[in-house]
Amino acid sequence: IKNIAVLTSGGDAPGMNAGIRAVVRAGIYNGLNVFGVKRGYDGLVNGEIVPMDAKSVANIIQRGGTILKTARSDEFRTYEGRKKAFENIQKLEIDALVVIGGDGTFTGASKFIEEFDIPIIGMPGTIDNDLAGTDFTIGYDTAINTVVDAVDKIRDTAESHDRLFVVEVMGRDSGLIALRSGISTGAEAVLIPEIKVDYDAIMKRLDKTRKNKASRIIIVAEGDKEGGIVVADKIKENFPHYDVRLSILGHIQRGGRPTCMDRVLASRLGVASVEGLIAGRRGEMAGLICGEVQFTPFKKAIKHLDDINENLTRIVEILSL
Ligand code: F6P
């Protein structure tokens, strides 16, 4: 291969810029020409493809968001859209792609490979951490640290006013942001979509531990069937004596400077993706498992795992006395 292109797709995640930088520089290091595609798959369809050089990725490793911009492309979901994308790739003689994103990104990439036989390697870029084939996705560490920072601040108010706060965090179908941030902020309960909510048990626990605490934090994953608003209402109904407030953290969780962990993860996976393409790999996501780079076929990587580590959920309960 001589020419490769990199794009970011789906929701932005802190560390995507570090990933772009790594792909561009590892490509150049290996004698390749590297292009950047703007606005995810939309840019492939519309021909928004620009040459990148070492300087074009200077001073971005510390920045959140993505300099290439991102989108959830409707056109690329159609065969006509993908055909246009392929024609644009052919015009520039691009031989292979690196796509940074989540399950939607890899689903699109799989279709594209099947129909047009183009080598693609993926990098896991999503704050949700909901991909198989990697212990952590790029952006997750930064997002959970943002949540921890916000909840620590909320705790100050909760404690000062003897309040109970329901805090809704992101995670479309996944409770992993909720679970880790819940443990590290000492949350009294964590509600996640993977586990059915047992309100009775939660209410009993809140009551039992009443004498030990002035404040209470209940973290709810947005993907939980009920969401923060419903949970806050139910608690108000059952515990009229608690002063309940709801805080929905929202997109603050997607922005900001990536943590060191996310920068290193993105840098390692960017280099691995380029080396993987050169070695003839395609249709796989580069991930990090137990500290080692591993490649997982897209179809396996997008399989959302419902098997939440039970030790983590147990820890919330044990420590919320
Ligand atoms: O997948 C990342 C994520 O932030 C989810 O946690 C959330 O459900 C979704 O994206 C929100 O997407 P959008 O920014 O398009 O509303």
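Residues numbered from 1 in each chain as written. Predicted model: local features only at pLDDT ≥ 70, side-chain atom pairs only at ≥ 80, totals over all residues. Heavy atoms only, no water.

Enquirer: Is there a simple way to think about the sheet that holds strand 1 (residues 3–8) in this case?
Expert: Within a sheet, neighbouring strands are paired by backbone hydrogen bonds and run either parallel or antiparallel to one another. Taken together, 7 strands build an open sheet; the order of strands is 3-2-1-4-5-10-11 and the sheet is mixed. The open sheet terminates on both sides in strands that have one partner only, identified here as strand 3 (49–52) and strand 11 (292–297). Strand-to-strand twist across the sheet, computed as the mean angle between neighbouring axes with direction ignored, equals 30°. Looking at chain direction, strand 5 (residues 120–124) and strand 10 (residues 284–289) are connected through 2 bridges and run parallel. Its bridge partner being in strand 10, glycine 122 is matched across the sheet by methionine 285. Of the strands in this sheet, strand 1, strand 2 (33–37), strand 3, strand 4 (96–101) and strand 5 touch helix 1 (residues 16–29), which is tilted by about 180° from strand 1. (Pairing = 2+ DSSP bridges. Helix = DSSP H or I, 4+ residues; strand = E, 2+ residues; numbered from the N terminus. Axes fitted to C-alpha atoms, helices over the stretch in contact; angles between N-to-C directions. Contact = heavy atoms within 4.5 Å.)

Enquirer: I keep staring at the UniProt feature "active site" (unreviewed entry) in the protein and nothing clicks. Help me out?
Expert: Per the UniProt entry, the sites bearing "active site" (unreviewed entry) are Asp128 in this numbering. Mapped onto the elements of the fold, aspartate 128 is located in the loop between strand 5 and helix 5 (140–161). Ignoring any residue separated from it by four or fewer positions in sequence, one finds aspartate 128 in contact with Tyr140, Gly171, Arg172, Ser174, Leu176 and Ile177. (UniProt positions renumbered as here; feature names shortened; annotations may be inferred.)

Enquirer: Help me understand helix 6 (residues 176–184), please; the structure alone is not making it clear to me.
Expert: Three or four residues apart is the spacing at which side chains of an α-helix point the same way, because the helix has 3.6 residues per turn. Those residues of helix 6 lying buried are Leu176, Ile177, Ala178, Leu179, Ser181 and Gly182. A positive phi of about 65° marks glycine 186, the residue just after helix 6. (Buried < 20%, exposed > 50% of the residue type's maximum accessible area, 1.4 Å probe, protein only.)

Enquirer: Sorry if this is basic, but what is going on with the site of the ligand here?
Expert: Taken together, the neighbourhood of the ligand is formed by Arg72, Thr126, Ile127, Asp128, Met170, Gly171, Arg172, Glu222, His251 and Arg254. At 2.6 Å from an oxygen atom of the ligand is found a side-chain nitrogen or oxygen belonging to glutamate 222. Side-chain polar atom of histidine 251 to an oxygen atom of the ligand: 2.8 Å apart, as the coordinates give it. Burial of the ligand by the protein chains amounts to 75% of its free accessible area of 400 Å². Per-class residue counts for the shell around the ligand are 2 nonpolar, 3 polar and 5 charged. (Near = heavy atom within 4 Å. Polar contact = N/O pair within 3.5 Å; in protein donor to acceptor, adjacent residues only side chain to side chain. Areas by Shrake-Rupley, 256 points an atom, 1.4 Å probe, with all protein chains shown as cover. Nonpolar A, V, L, I, M, F, W, Y, C, P; charged D, E, K, R; others polar.)

Enquirer: Would you mind showing me how to read the packing of aromatic side chains here?
Expert: The relative placement of two aromatic rings is captured by the distance of their centres and the angle of their planes. Enumeration over the complete set of coordinates arrives at 8 aromatic pairs. Aromatic pair phenylalanine 106 and phenylalanine 298: ring centres 5.0 Å apart, planes at 15°, arrangement stacked. Pair noted here: phenylalanine 106 is in helix 4 (residues 103–116) and phenylalanine 298 is in helix 10 (residues 298–301), with a separation of 192 residues, a long-range link. A single burial state applies to phenylalanine 106 and to phenylalanine 298, both of which are buried. (Phe/Tyr/Trp six-rings, centres within 6.5 Å; stacked < 30°, edge-to-face > 60°.)

Enquirer: Hey, could you run me through the state of the cysteines in this one?
Expert: This structure, assessed with the given rule, holds 0 disulfides. There is no disulfide at cysteine 260, and the cysteine sulfur nearest it, in cysteine 290, is 19 Å away. (Disulfide = S-S within 2.5 Å.)

Enquirer: What is the right way to read the pattern of salt bridges from this model?
Expert: Pairs can form between side chains of opposite charge whenever their charged atoms are close. For the structure on display, the rule yields 15 salt bridges. With a closest N to O distance of 2.7 Å, arginine 39 and glutamate 48 form a salt bridge. Given the relative accessible area of 33%, arginine 39 is considered partly exposed. Glutamate 48 sits in the partly exposed class, given a relative accessible area of 28%. (Salt bridge = Lys/Arg side-chain N within 4 Å of Asp/Glu carboxyl O.)

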